[in-house]
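Listed here are the chains, written in short residue letters.
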Amino acid sequence: MNVEPSPMYQKEPTFYYFAYGSCMCPVDLKRTFGENVHNYVIGVATLKGYRLGFYRLSARRQCGALDVVPDSASHVEGVLYQLPWRFSDALDEREEVPRGGYRHEIISVSCGGKLYKDVRTYVVVDKLPEEIAPNDWYFNVVLRGAVTCGLSEQYCWQLFDRMHQLQQQHWRSA
């Protein structure tokens, strides 16, 4: 006997999202959605053919914010989420899509030995010509997300080193 599940038990629509900056931190992302997102984490993912850069001045945070830029010799580690579609507008708002801060980019990432296609990430619309240092808050939330979600130790150190270098350059020139 086949019984159709009631609509209440049907799975809600979702989308894949690759986070490489402050959204890697599930605790910080909870502030945007108003609920825990730990259950939506699929795992550590790798985006090939891109590198990180701080090519956006975040007006809200008053510091450099991360971006991904094409670079065939590099890769970016981040967190792959499978988020409920109801989070889409709030995520766009966080990434300042309506105001031209970031835009959607559809990418493919590797996670757990599997290739995920049609994954949303965000890229800066108007990239600055030079990188801008993150502030201490952004530095810490990005690193906390990277460590908490299990990005490779080598990548976490590279991320730490890049952010630290940018801050040192900023303080030397200030």
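If you're wondering where the values come from, they're calculated on a predicted model, not measured in any experiment. Numbers given to residues run from 1 along each chain, matching the order in which its sequence is written. The model is predicted, so local features are restricted to residues of pLDDT at least 70 and side-chain atom pairs to those at 80 or more, both for listing and for counting; the totals for chains, interfaces and linings are taken over all residues. Values reported for side chains reflect all heavy atoms of the structure, with hydrogen atoms and water molecules removed beforehand.

Novice: Hey, could you go over the overall build of the protein for me, with residue numbers and the actual values?
Specialist: In this description a helix means any DSSP run of H or I spanning at least four residues, a strand means any run of E spanning at least two, and both kinds are numbered starting from the N terminus. Scanning the protein for helices and strands turns up four helices and five strands. Going from the N terminus to the C terminus, the protein shows its helices and strands as β-α-β-β-α-β-β-α-α. In this setup the radius of gyration rests on C-alpha atoms only. A globule is expected at 2.2 Å times the number of residues raised to 0.38. Here the protein has a C-alpha radius of gyration of 17 Å; the compact-globule value for 174 residues is 16 Å, and the two agree. Projecting the C-alpha coordinates of the protein onto the three principal axes gives extents of approximately 75 × 35 × 25 Å. Every one of the 174 residues in the protein was classed for burial, and the buried ones make up 45%. Counting only contacts in the protein whose residues sit at least 6 apart along the sequence, the fraction spanning at least 24 positions is 74%. All accessibility values rest on the Shrake-Rupley procedure with a 1.4 Å probe; residue burial counts only the protein chains present in the view. When the accessible surface of the protein is split by element, carbon and sulfur atoms take 52% of a total near 9800 Å². Note on classification: 1.4 Å probe, protein chains only; a residue is buried when its accessible area is under 20% of the maximum for its type, exposed when over 50%, partly exposed between these limits. For this analysis, residues touch if any pair of their heavy atoms sits within 4.5 Å.

Novice: So what about the side chain of Asp-67? Which residues, and what values?
Specialist: Looking at the element boundaries, Asp-67 is found in strand E3 (residues 63-84). Residue class for Asp-67 comes out buried when judged on its relative accessible area of 0%. Pairs of N or O atoms are called polar contacts if they sit within 3.5 Å, as long as, within protein, a hydrogen donor faces a hydrogen acceptor (for residues adjacent in sequence, only side-chain-to-side-chain pairs). Among the polar contacts listed, one links the side chain of Asp-67 to the side chain of Lys-127, at a separation of 2.5 Å. Beyond its immediate chain neighbours, meaning those up to four positions away, Asp-67 contacts Tyr-20, Arg-51, Leu-52, Gly-53, Tyr-55, Val-123, Val-124 and Lys-127.

Novice: With reference to specific residues and values, describe the nonpolar core.
Specialist: Within this scheme, the nonpolar core is defined by two criteria: the residues are buried Ala, Val, Leu, Ile, Met, Phe, Trp, Tyr or Cys, and they are joined through side-chain atoms within 4.5 Å. Counting residues in hydrophobic clusters, the biggest one holds 51 residues, and the most contacted among them are Tyr-17, Phe-18, Val-76, Tyr-81, Leu-83, Leu-91 and Val-109. Of all the elements in the fold, those that place two or more residues in this core are strand E1 (14-19), helix H1 (26-33), strand E2 (41-58), E3, strand E4 (102-111), strand E5 (114-124), helix H3 (136-148) and helix H4 (153-173). Per element, the largest residue contribution to this core is nine residues, and it comes from E3. Setting aside its immediate chain neighbours within four residues, Tyr-17 contacts Cys-23, Val-79, Leu-80, Tyr-81, Leu-83, Leu-91, Glu-95, Val-119, Arg-120, Thr-121 and Tyr-122.

Novice: Would you mind going over the packing of H3 against H4 in detail, with residue names and values included?
Specialist: Here, axes are lines fitted to C-alpha atoms. For helices the fit covers the stretch in contact, and angles between N-to-C directions go from 0 to 180 degrees. Two elements in contact, H3 and H4, have axes whose closest approach is 10 Å; the angle formed by their N-to-C orientations is 175 degrees. Classified by the interaxial angle, the pair formed by H3 and H4 is roughly antiparallel. Here Asp-136, Phe-139, Val-142, Leu-143, Ala-146 and Val-147 of H3 lie close against H4, whose contacting residues are Cys-156, Leu-159, Phe-160, Met-163, His-164 and Gln-167. Polarity classes work like this: nonpolar for Ala, Val, Leu, Ile, Met, Phe, Trp, Tyr, Cys and Pro, charged for Asp, Glu, Lys and Arg, and polar for all others, with Gly in that last group. Taken together, the residues that form the contact of H3 with H4 break down as nine nonpolar, two polar and one charged. Every angle not falling under 35 degrees, over 145, or within 65 to 115 is termed oblique; those three ranges are roughly parallel, roughly antiparallel and roughly perpendicular.

Novice: Run through the pattern of salt bridges, naming residues and quoting values.
Specialist: One speaks of a salt bridge when a side-chain nitrogen belonging to Lys or Arg is within 4 Å of a carboxyl oxygen belonging to Asp or Glu. Evaluated as defined, the whole model comprises 12 salt bridges. A salt bridge links Asp-28 to Arg-31, with the shortest nitrogen-to-oxygen separation between them at 2.7 Å. Of this pair, Asp-28 and Arg-31 both sit in helix H1, three residues apart, which is roughly one turn of the helix. Owing to a relative accessible area of 4%, Asp-28 belongs among the buried residues under this scheme. Across the pair Arg-103 and Glu-105 runs a salt bridge whose closest N-O atoms are separated by 2.8 Å. Judged by relative accessible area, which is 40%, Arg-103 ranks as partly exposed. For Glu-105, a relative accessible area of 17% translates into the label buried. Connected through salt bridges with shared partners, the residues Glu-12, Glu-35 and Arg-86 form a single ionic network.

So far we have only geometry, and geometry alone does not tell us how the molecule works.
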